[in-house]
Amino acid sequence: MRADRLVSLVLLLRRRGRMTAAELASELEVSPRTVLRDVEALSTAGVPVYVERGRHGGFALLPGFRTELTGLTHEEALALLTAGTARGARAFGLGPALASAVRKVEDALPDGRRPGLDAASRRFLVEPEADLLSRRPVPEGVPAAVLADVRRAVLAGRRLRLRYAAPDQEPRWRTVEPIGLVTVRDRTYLLATRAGEDRTYRLSRVRAAEVLPEPADRPADVDLDRIWAARSARFLAEDHLAVTVRVRPALRDELLGDVRAVRAEERDDDGWARLEVTFEDLRHAVWALWRLGPDVEALAPASVRAALHDRAAALAARYATAADAGP
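For clarity, every value in this text was computed on a predicted model and none was experimentally measured. (Residues numbered from 1 in each chain as written. Predicted model: local features only at pLDDT ≥ 70, side-chain atom pairs only at ≥ 80, totals over all residues. Heavy atoms only, no water.)

## Remarks on the packing of helix α2 (residues 21-28) against helix α3 (residues 32-44)
Just so we agree on the cut-off: Note on method: axes are straight lines fitted to C-alpha atoms, helices fitted across the in-contact stretch only, with angles between N-to-C directions ranging 0 to 180 degrees. We count a stretch as a helix when DSSP gives it H or I for four or more residues in a row; a strand needs E for two or more, and each element gets its number in order from the N terminus. Relative orientations are named as follows: roughly parallel for angles under 35 degrees, roughly antiparallel for angles over 145 degrees, roughly perpendicular for angles from 65 to 115 degrees, and oblique for any other angle. Should any heavy atoms of two residues lie within 4.5 Å, those residues are counted as being in contact. Note on residue categories: nonpolar means Ala, Val, Leu, Ile, Met, Phe, Trp, Tyr, Cys or Pro, charged means Asp, Glu, Lys or Arg, and polar means any other residue, Gly included.
At a minimum axis distance of 8 Å, the contact between α2 and α3 shows a crossing angle of 100 degrees. If you check the angle between α2 and α3, you find them roughly perpendicular. Mapping the contact onto sequence places Ala21, Leu24 and Ala25 in α2 and Pro32, Val35 and Leu36 in α3. When its residues are assigned to classes, the contact of α2 with α3 shows 6 nonpolar, no polar and no charged.

## Examining α3
Given 3.6 residues per turn, any residue in an α-helix points the same way as the ones three and four places further on. To be explicit about the condition: Any helix carries an expected span of 1.5 Å times its number of residues minus one. Exposure is judged per residue with a 1.4 Å probe applied to protein chains only, and the accessible area is read against the type maximum: over 50% gives exposed, under 20% gives buried, and values in between give partly exposed. The directions from the helix axis to the C-beta atoms form the arc being described.
In a regular helix each residue adds 1.5 Å, so 13 residues correspond to 18 Å; α3 covers 19 Å between its end C-alpha atoms and thus fits that length. Listed as buried for α3 are Thr34, Val35, Asp38, Val39 and Leu42. Considered in projection along α3, the buried side chains sweep an arc of 140 degrees and stay on one side of the axis. What points out from α3, more than 90 degrees from its buried face, is the exposed set Arg33, Glu40 and Thr44. Taken together, the buried residues of α3 touch α1 (2-16), α2, β1 (49-52) and β2 (58-61). Gly46 sits one or two positions beyond α3 and adopts a positive phi of about 95 degrees.

## Side note on the packing of α1 against α2
Threshold: The sense of a crossing depends on the near helix, which, turned anticlockwise from the far helix by less than a right angle, makes the crossing left-handed and, turned clockwise, makes it right-handed.
Put simply, α1 and α2 touch, their axes get as near as 11 Å, and they point 125 degrees apart. The pairing of α1 with α2 is recorded here as oblique in orientation. Seen along the crossing, α1 lies across α2 with a hand that is right-handed. Facing α1, whose interface residues are Arg5, Ser8, Leu9, Leu12, Leu13 and Arg16, α2 presents Leu24, Glu27 and Leu28. When its residues are assigned to classes, the contact of α1 with α2 shows 5 nonpolar, 1 polar and 3 charged.

## Here we look at the confidence of the model for the chain
The cut-off we apply is this: For every residue, the predictor states its confidence as a pLDDT score lying anywhere from 0 to 100.
Summing up the model confidence of the chain, the mean pLDDT is 80 and the portion of residues at 70 or higher is 72%. In the predicted structure, residues 67-71 sits below a pLDDT of 50 and forms 11 contacts with residues beyond four places in sequence or in another chain.

## Re the packing of aromatic side chains
This is how the line gets drawn: Here is the rule: rings of Phe, Tyr and Trp (six-membered ring for Trp) pair when centre to centre is within 6.5 Å. Planes less than 30 degrees apart are stacked, more than 60 are edge-to-face, and the remainder are tilted. Either the NZ atom of lysine or the CZ atom of arginine qualifies as a charge over a ring when it sits within 6 Å of the ring centre and within 35 degrees of the ring normal.
On inspection of all chains with the given rule, the structure shows 2 aromatic pairs. Seen from their ring centres, Tyr189 and Trp228 are 5.4 Å apart, and the 45 degrees between their planes marks the pair as tilted. Linking Tyr189 in strand β5 (residues 187-194) with Trp228 in helix α9 (residues 224-237), this pair joins segments that are 39 residues apart in sequence. On the basis of relative accessible area, Trp228 is assigned to the partly exposed category, the value being 23%. If you follow Arg291 out to its NZ or CZ, it ends over the ring of Trp287, 5.2 Å from the centre. One cation-aromatic arrangement involves Arg311 over Trp290; the distance from NZ or CZ to the ring centre is 5.2 Å.

## Focus on the sheet that holds strand β6 (residues 197-202)
Threshold: Strand pairing is assigned whenever DSSP detects at least two bridges linking the two strands.
Taken in spatial order, the 5 strands of this open sheet run β6-β5-β4-β3-β7, and their pairing is antiparallel. Only two strands of the sheet have a single partner each, and these edge strands are β6 and β7 (206-215). Ignoring which end each strand starts from, the neighbouring axes of this sheet average 45 degrees apart. Sheet topology note: the β5/β6 ladder contains 6 bridges and is antiparallel. Residue pairing across strands places Tyr189 opposite Arg202, the latter belonging to β6. The strands that helix α8 (residues 144-156) touches are β3 (158-164), β4 (172-184), β5 and β7; relative to β7, the one it contacts most, it runs at about 25 degrees.

## Some remarks on the sheet that holds strand β11 (residues 296-300)
Think of a sheet as strands paired side by side through backbone hydrogen bonds, with each pair either parallel or antiparallel. Spatially, the 4 strands line up as an open sheet ordered β9-β10-β8-β11, and their pairing is antiparallel. Every interior strand has two partners, whereas the edge strands, β9 (261-267) and β11, have only one. Averaged over all adjacent pairs, the angle separating strand axes in this sheet is 25 degrees, with direction ignored. This element, helix α11 (residues 282-290), spans β8 (241-247), β10 (273-279) and β11 of the sheet and lies at about 15 degrees to β8.

## Section: the pairing of β5
Successive side chains on a regular strand alternate, one facing one side of the sheet and the next facing the other. Burial within β5 is extensive, with 7 of its 8 residues counted as buried. The sheet contact formed by β4 and β5 spans 7 bridges and is antiparallel. Paired with Val184 across the bridge in β5 is Arg187. What sits between the antiparallel neighbours β5 and β6 is a turn of 2 residues, in which Ala195 has the positive phi angle 55 degrees.

Quick look at the structure:
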């Protein structure tokens, strides 16, 4: 890990010129003291790092210290630079690694090609932080340690123990054969098998993870696109409660955060979104729709409308009795 950090330090100085110890520490996510030790190690190894003292001083490299990479085509280099803006790497905990790789590519490009590629990459934006309605995504929180262990098991092909909290259940341990990781709408899923059965685990529900020494029982080759498509189709076909709802646009994303799946969507004349969604059962549907109050309406089935009506009537009766009783 230190070798990678030393390379990143050199590439940062190549890319940005003079930088202070505090700036380098922030970029490398270490302390300024660690930066000073790394600079000393680079100097000992013959890397021409020098110090400029004073108010505007910092560390810098002697001009001309660099390597060149000429094997990449324009499109290949542009693809790498564009990929550096994607949120997918962050979802899998690979953001720092991707940033380091992009710095290496940028530094290795010949002088005449870097400015054009840099400008071209800024013409592409992959999955911005907010959409046209200024709604910012809220990625699910996955502890870094959990994500690192899950990723390591997937890549090393090892069995994995998960302490998983399924909906409405207490967390419990289970051993799985990890296949791959998929991120969809800022949610990350582990595709796995357990006792020979397909399983899909939402990483935000994993409370702890442990990589086991035994190799995972899984095929050597994998097609995640095909597997995900098959599991999605099977999921939609499962016997969950289908509900047709109308929801105010501002609350659409909040509703979708509680449903199991979305089967269809259209826009009504008044601007409200009309969706066909699935819930686990009647209890789940009533809980999710009740939270949004008058900003959502269940159109079908009648059982959901009746359950919401009964709850609202009971609440109205309770407070009407309290009002009649006086202070």
